[in-house]
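Structural characterization, general
Residues per chain, in single letters:
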Amino acid sequence: MGKLNLILLLCSIAITIFSIPFAHANISQGPKAIEQWFEKLSHAKPKITKLHFYFHDIVSGKNPTAIPIAQANSTSHSPTSFGLLAVLDDRLTIGPEINSTTIGRAQGIVGAASIDEFSLLMSLNFVFTNGKYNGSTLSLLGRNTVLNEYREMPIVGGSGVFRLARGVATAKTYFLSNSSGDAIVEYNVVVLHY
């Protein structure tokens, strides 16, 4: 009887998995499909997409979304935290409120990269998990001078709807807790893609 239950369970899991629509099912991911997509690219017109969202960077509490993973021996003596590396998986939301709708995650690595000012090297993917861009990503690689009111960082690529994306992300701190270090950052992103 146990074996029959196991078989039925596995069959129901398989049916459930294969009946779930894949993220952005209209975007084929196999090598042949991508090759065909590139062949059509010469006839494609570039599109401009503007995105606006909030990035919730939680470093405190029981469930931080950004955690340090390495630091130099001298980092604890540096006024800019030079040499500190952190990995993050921060929520992206429509609004700044903590209960605002999640549209994705910012996943990547940031490092304190300046001896003289508080500046981060950011290598992130904006992974969209909800809404129009579900299943697509944008890749950001750049310098974030976090104490400046506005920070401009390049978008260097993407996937899904954002294949071959290039553009600019502008960040502005919406909220920063001096006690916990938690922050909410407003992002405006403009990308050119096909």
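Residues numbered from 1 in each chain as written. Predicted model: local features only at pLDDT ≥ 70, side-chain atom pairs only at ≥ 80, totals over all residues. Heavy atoms only, no water.

Some details on the environment of Leu192
Along the polypeptide, Leu192 turns up in strand 9 (residues 183-193). Between the C-alpha atoms of Leu192 and Pro46, which are 146 residues apart in sequence, the distance is 6.3 Å. In this structure Leu192 touches Pro46, Lys47, Ile48, Leu164, Ala165 and Arg166, once residues within four positions along its chain are discounted. (Helix = DSSP H or I, 4+ residues; strand = E, 2+ residues; numbered from the N terminus. Contact = heavy atoms within 4.5 Å.)

Overview of the packing of aromatic side chains
Here the structure, examined in full by the defined rule, presents 10 aromatic pairs. Judged by centre distance (5.5 Å) and plane angle (70°), the rings of Phe126 and Tyr187 are edge-to-face. Placement of Phe126 in strand 5 (residues 120-128) and of Tyr187 in strand 9 is noted, with a sequence separation of 61 residues between them. Tyr187 carries the same exposure label as Phe126, and that label is buried. Note on Tyr133 and Phe162: the rings are 5.0 Å apart at their centroids and 40° apart in plane angle, and the pair reads as tilted. Taken as a pair, Tyr133 in the loop between strand 5 and strand 6 (137-144) and Phe162 in the loop between strand 7 (151-159) and strand 8 (166-176) lie far apart in primary sequence, 29 residues in all. Each of the two residues, Tyr133 as well as Phe162, counts as buried. One aromatic cluster is present, formed by Phe53, Phe55, Phe126, Phe128, Tyr133, Phe162 and Tyr187 through successive ring pairs. Residue placement shows Arg163 over the ring face of Trp37; its charged tip is 5.0 Å from the ring centre. (Phe/Tyr/Trp six-rings, centres within 6.5 Å; stacked < 30°, edge-to-face > 60°. Buried < 20%, exposed > 50% of the residue type's maximum accessible area, 1.4 Å probe, protein only. Lys NZ or Arg CZ within 6 Å of the ring centre and 35° of its normal.)

Details of a nonpolar patch on the surface
There is a patch of nonpolar side chains on the surface, built from Ile67, Ile69, Leu85, Val87 and Ile109 and spanning about 380 Å² of accessible area. For the nonpolar patch, the secondary-structure elements that each account for two or more residues are strand 2 (66-70) and strand 3 (85-93). With respect to the secondary-structure elements, Ile69 resides in strand 2. (Patch = residues over 30% accessible without salt bridge, like charges linked within 9 Å, V, L, I, M, F, W, Y side chains within 5 Å. Areas by Shrake-Rupley, 256 points an atom, 1.4 Å probe, with all protein chains shown as cover. Salt bridge = Lys/Arg side-chain N within 4 Å of Asp/Glu carboxyl O.)

Observations concerning unusual backbone geometry
Backbone geometry at Ser81 places phi at a positive 60°, although glycine is not the residue there. Positionally, Ser81 belongs in the loop between strand 2 and strand 3. Classification of Ser81 as partly exposed rests on a relative accessible area of 24%. Positive phi, normally seen in glycine, also occurs at Leu164, with a value near 60°. Inspection of the secondary structure puts Leu164 in the loop between strand 7 and strand 8. Residue class for Leu164 comes out partly exposed when judged on its relative accessible area of 38%.

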